[in-house]
Amino acid sequence: MVTKEDSTHKGICPLCNKPAQVKPSQQVDAHVVICERCGYFRIGHGIAEQFKEQLHLIAGLTRKSSFPRPSVETRLTLTYDNIPELLATSGLPESLLDQLDKVHHNRLIPLYT
Ligand SMILES: [Zn+2]
């Protein structure tokens, strides 16, 4: 039996909390999300909780990178390490980036246990 990937992986988009396709990535320790609002992206475990003040901004980044539709290789992968950089290069105010920096250096939740 062939499994249809689209119908079997329903979930909640970690960025906008609306129904979306969410499934484990085959390549990295992250989830693949296909959200009609936030676009196509991969997101590491615990990212949404850690960056919850910035989720709307991150969603802006994923949206921008999702049109035209990216290939699997060029799809944005959100990690603890690249989110501050992604936001820094997006022209957002510095006060916000300071805040992000704090989050970045205060990661209390172990990612992989
Ligand atoms: Zn979304």
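A few points on the structure. All figures in this text were calculated on a predicted structure; none of them were measured in a lab. (Residues numbered from 1 in each chain as written. Predicted model: local features only at pLDDT ≥ 70, side-chain atom pairs only at ≥ 80, totals over all residues.)

1. Observations concerning the overall build of the chain
Moving on, step 1. Within the chain one finds 5 helices and 5 strands.
Moving on, step 2. Each helix (α) and strand (β) of the chain, taken in turn from the N terminus, gives the series α-β-β-β-β-α-α-β-α-α.
Moving on, step 3. Looking at the chain as a whole, 23% of its 113 residues qualify as buried.
Moving on, step 4. Sequence-distant contacts, at least 24 apart, represent 45% of the contacts inside the chain between residues at least 6 apart. (Helix = DSSP H or I, 4+ residues; strand = E, 2+ residues; numbered from the N terminus. Buried ≥ 20, exposed ≤ 12 C-beta atoms within 10 Å, placed from the backbone. Contact = placed C-beta atoms within 7 Å.)

2. A word on the nonpolar core
Moving on, step 1. Ranked by internal contacts, the top residues of the largest apolar core, which has 18 residues, are Val33 and Cys35.
Moving on, step 2. For this core, the elements supplying multiple residues, two or more each, are β3 (30-35), β4 (39-44), α2 (47-50) and α3 (55-65).
Moving on, step 3. Take this core: its biggest share by element is 4 residues, from β3. (Core = buried A, V, L, I, M, F, W, Y, C linked by C-beta atoms within 7 Å.)

3. Observations regarding the pairing of β3
Moving on, step 1. Buried residues dominate β3, accounting for 5 of its 6 residues.
Moving on, step 2. Counted between consecutive antiparallel strands, the loop separating strand β2 (residues 19-24) from β3 contains 5 residues.
Moving on, step 3. In this structure, β3 lies alongside β4, joined through 6 bridges in antiparallel fashion. Bridge pairing in β4 links valine 33 to phenylalanine 41. (Pairing = 2+ DSSP bridges.)

4. So, α3
Moving on, step 1. Within α3, the full set of buried residues consists of Ile58, Leu61 and Thr62. Across the axial projection of α3, the buried residues extend over an arc of 95°, all falling on one side. More than 90 degrees from the buried face of α3, the exposed residues found are His56 and Lys64. (Arc of directions from axis to C-beta.)

5. What to know about the sheet that holds β3
Moving on, step 1. Ordered in space as β1-β2-β3-β4-β5, the 5 strands form an open sheet in which the pairing is mixed. Edge strands, defined here as strands with exactly one partner in the open sheet, are β1 (10-12) and β5 (76-78). Here the strands of the sheet are splayed against their neighbours by 40° on average, with no regard to which way each runs. (Axes fitted to C-alpha atoms, helices over the stretch in contact; angles between N-to-C directions.)

6. Considerations on the environment of proline 14
Moving on, step 1. Relative to the assigned elements, proline 14 resides in the loop between β1 and β2.
Moving on, step 2. Counting along the chain gives 38 residues from proline 14 to lysine 52, while the straight-line C-alpha distance between them is 9.4 Å.

7. What to know about the pairing of β2
Moving on, step 1. Here β1 runs beside β2; their pairing, made up of 3 bridges, is antiparallel. Bridging across to β2, lysine 10 finds its partner in glutamine 21.
Moving on, step 2. As consecutive antiparallel partners, β1 and β2 are separated by 6 residues, and within that stretch asparagine 17 has a phi angle of approximately 60°, a positive value.
Moving on, step 3. The pairing of β2 with β3 spans 4 bridges and is antiparallel. Bridging across to β3, glutamine 21 finds its partner in isoleucine 34.

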